[in-house]
Amino acid sequence: MAKNKALGLKKIFCLEKKPVKGLLAFEWVVVAYTLLTLLFIFFTYTKLPHAHAMIVGRVRILAIIVALWFVYRLAPCPLTRMARVVAQLALLAWWYPDTYELNRILPNLDPIFAQADQNFFGYQPALLFSQRMPWPWFSELMDLGYASYFPMIAVVTFYYFFYRYNDFTTMSFILMASFFLFYVIFIFLPVTGPQYYYLAIGPDKVLAAQFDSVGDYFYHHTERIASPGWSKGIFYRMVENAHQAGERPTAAFPSSHVGITVVLLFLAWKAQSHRQLLFWCLLPFAVLMFFATVYIQAHYVVDSVAGLFAGIAFFMLFSYLSRYFKQ
């Protein structure tokens, strides 16, 4: 990575000597994903219940990209560049549930992944983990790990902005490209995870290891099991409220929570030439994240393991590709 100097508050408003004329690399990722999903929508328009709203939403996102590009061209400084990144990170909250709107028309694959866990362990870890360790302190620890997801993204993003500004756009590309590659997988590999699938087939069949196909059940249903654990806990409520606000029966395999956390760890390690303090600060939360995904029944173990390897692969792939997008 390039040699960096800390970006002081005054420099945030300083005009860049060589501003980027076109879109930034991560914005091209958003545009590519938008066009890919638009194509999917056009071919499946009659099967999608909210196709018109999905198209309008994509047009709005493209308009936001153009508007922020125009603002940056008027005042090409670190602050306006940061605005372009933050806007697209914030819009991930819109893109995530959108994967459900697309994959709901495809056959559900949960029985395959539930059976994989059953074959390997002889039971369902997502079902028994919280039952074997129901203690409030452990529940809160798991929920703390899961709730640390967005703070970790923010910490790494702002660290690069203030201390590795020359690599800030590269970091944004690696992070955003990883997110959207996960989303592509989620569209064409519809897996909902235990919190939805267990409810769909019923607890008796889960205990009997009878993982039936649910047909088009998730086309019409978005109900899920409430997260297990200490319901009075602060972090439990944070996780549960987040699920109630934006969770959908989608995006279970591979776990993007685990995968993106791995990408963040690599970025944190690469951000510091020695000591890697940022990496070591994030590592405990990453470990908690891995186990928390199963504890709160968001994922099967196979999902989290796949997320671990996907995160490594995505970081290596997009780090390599970023060499062609020096901005």
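Small disclaimer: the values here were computed from a predicted structure and weren't measured. (Residues numbered from 1 in each chain as written. Predicted model: local features only at pLDDT ≥ 70, side-chain atom pairs only at ≥ 80, totals over all residues. Heavy atoms only, no water.)

Participant: So what's going on with the side chain of glutamine 124? Residues and values would help.
Facilitator: Along the chain, glutamine 124 falls in the loop between α5 (110–121) and α6 (125–132). On the accessibility criterion, glutamine 124 (3% relative accessible area) is buried. With sequence-adjacent residues up to four places away left out, glutamine 124 is seen in contact with Ala114, Asp117, Gln118, Tyr198, Val206, Phe211 and Tyr300. (Helix = DSSP H or I, 4+ residues; strand = E, 2+ residues; numbered from the N terminus. Buried < 20%, exposed > 50% of the residue type's maximum accessible area, 1.4 Å probe, protein only. Contact = heavy atoms within 4.5 Å.)

Participant: Outline the nonpolar core, supporting the account with residue identities and numerical values.
Facilitator: With 97 residues, the main nonpolar core has Phe180 and Tyr183 as its most contacted residues. It is helix α9 (residues 168–188) that provides the largest number of residues to this core, a total of 13 residues. When neighbours within four sequence positions are excluded, phenylalanine 180 is seen to be in contact with Val29, Val30, Tyr33, Leu92 and Trp95. (Core = buried A, V, L, I, M, F, W, Y, C linked by side-chain atoms within 4.5 Å.)

Participant: Let's hear about empty space enclosed by the protein: which residues, and what values?
Facilitator: If you walk through the whole model with that rule in mind, you get two cavities of 30 Å³ or more. When its volume is computed, the largest cavity comes out at roughly 100 Å³. Lining the largest cavity are 15 residues, and of these Asn103, Arg104, Leu106, Asn108 and Phe218 lie nearest its centre. Only α4 (92–103) and α12 (217–220) provide two or more residues apiece to the lining of the largest cavity. At three residues, α12 tops the list of elements feeding residues into the lining of the largest cavity. Looking at side-chain class alone, the lining of the largest cavity contains eight nonpolar, five polar and two charged residues. The wall of the second largest cavity is formed by 13 residues, among which Tyr96, Tyr146, Glu247, Ala251 and His299 lie closest to the centre. Its residues placed into classes, the lining of the second largest cavity shows five nonpolar, six polar and two charged. (1 Å grid on protein atoms, 1.4 Å probe; cavity = no way out; pocket = protein on both sides within 12 Å on 5 of 7 lines; lining within 4 Å. Points joined across faces, edges and corners; volume = space filled by probe spheres on them. Nonpolar A, V, L, I, M, F, W, Y, C, P; charged D, E, K, R; others polar.)

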